[in-house]
Amino acid sequence: MSPTVELAIRTSGLVKTFGAVRALDGLDLEVERGEVHGFLGPNGAGKSTAIRVLLGLLRANGGTAELLGGDPWRDVVTLHRRLAYVPGDVVLWPSLSGGEAIDLLGRMRGGLDDARRAALLERFELDPTKRGRTYSKGNRQKVAIIAALSSDVELLILDEPTSGLDPLMEKVFQEEIAAEKAQGRTILLSSHIMSEVETLADRVSIIRDGRIVERGTLEQLRGNSLVTIRATLGRAPRDLGELTFLHEPALEGDRLTASVPPGRINAAMAGLIAYEMSALTVSPPSLEDLFLRQYEGRQDTRGRTASR
């Protein structure tokens, strides 16, 4: 990272323990101002614990954390007027209407943009007159999302924000986050929906066992990872061993699937011409592929079931 880049979030060597469980084990996380930063990890990896420390809800046992230039624990009241948080399971005041809850959350922050609030209510198809006790999980999420996106804040911290939303509303959410990104708002996005993060995030950090194990743009994470080739062949090889220019080729009827390093794509195409190739697709690894690569075949033996 360039030394001139301004950070909205920085943690260094962050440690958080719960008894014998080490939920955060030297976490180094950096989120640049104005970016959408994907924060990925399965349950138990420590991402929600990290978010709670950043929100001043938990006090770290070691290391440092800085949020918008302040200390999340010492400056919690001031910082919470400059950020909005959407958890994965929103709890509302039962007797307040959705609209009243949105307004209350807005007053606790830097205020609300009334025009933005109205537009978001329409886009998310939320009836603001209903009481919190009557809302489904998806509608409770909408209340928190609308309150966050219409608030006058610098930073959005979103922890599984679309949990409970149907696919149509997930699409609306993605469009609205893209609009926030275009306005220069900083967003930390934790989500199990890999396609959502892949679409929205400028950079990604993957957490495992309380540490960041991989970070960067999607292209940086892909690096020299194998790409997938799918081809339709007019003439099948007598033996897959002939296809020495491919990794792990598999043939089903006339459809071939294999992988190659990025620098060998042209050689693979040239080799397949001899088999009367009529169609070809080349796909780089998805974010989900890269994420699973960090976890497949690994067992967490450190008793981390107490943290998220």
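Structure shown above.
All chains use their own residue numbering, which begins from 1 and follows the written sequence. Side-chain atom pairs in this predicted model are given and counted only at pLDDT of 80 or more, local residue features only at pLDDT of at least 70, and totals for whole chains, interfaces and linings cover all residues. Only heavy atoms go into the side-chain values, all of them from the structure, while hydrogens and water stay out.

> So what about helix 3 (residues 98–108)? Which residues, and what values?
Among the residues of helix 3, Gly-98, Gly-99, Ala-101, Ile-102, Leu-105 and Gly-106 are the ones counted as buried. Angular distribution of buried residues about the axis of helix 3 spans 160°; they occupy a single face of the element. Between buried and exposed lies partly exposed: a residue is buried under 20% and exposed over 50% of the maximum accessible area for its type, with that area taken using a 1.4 Å probe on protein chains only. Going along the chain from the N terminus, every DSSP run of H or I of four or more residues is numbered as a helix, and every run of E of two or more is numbered as a strand. Here the arc refers to the directions that run from the helix axis out to each C-beta atom.

> I'd love a proper account of unusual backbone geometry, names of residues and values included.
A positive phi angle, near 55°, is found at Glu-125, a position not held by glycine. Secondary-structure assignment places Glu-125 in the loop between helix 4 (114–123) and helix 5 (137–149). At Glu-248, a position not held by glycine, the phi torsion is positive, near 45°. Residue classification places Glu-248 among the exposed positions, given a relative accessible area of 73%.

> Before we move on, can you summarise the pattern of salt bridges with the specific residues and values?
By salt bridge we mean one thing: a side-chain nitrogen of Lys or Arg within 4 Å of a carboxyl oxygen of Asp or Glu. One pass over the full model with this rule turns up 24 salt bridges. Ionic pairing is found between Arg-185 and Glu-180, a salt bridge with its closest N-O pair at 2.7 Å.

> Residue-level account of the sheet that holds strand 12 (residues 255–260), with values.
Think of a sheet as strands paired side by side through backbone hydrogen bonds, with each pair either parallel or antiparallel. In short, DSSP must find at least two bridges between two strands for them to pair. Spatially, 4 strands are ordered 11-12-10-13 in an open sheet, and the strand pairing comes out antiparallel. Bordering the open sheet on either side are strand 11 (247–252) and strand 13 (277–283), each of which pairs with just one other strand. Direction aside, neighbouring strands of the sheet carry axes that sit 15° apart on average. Both strand 10 (residues 227–233) and strand 13 contribute to a ladder of 6 bridges, which runs antiparallel. If you follow Ala-231 over to strand 13, its bridge partner there is Leu-280. Contact criterion: two residues are considered in contact whenever any of their non-hydrogen atoms come within 4.5 Å of each other. The axes used here are C-alpha line fits, helices contributing only the stretch in contact, and every angle between their N-to-C directions lies in the interval 0 to 180 degrees. Each of strand 10, strand 12 and strand 13 touches helix 9 (residues 265–273); the most contacted strand, strand 13, lies at about 160° to it.

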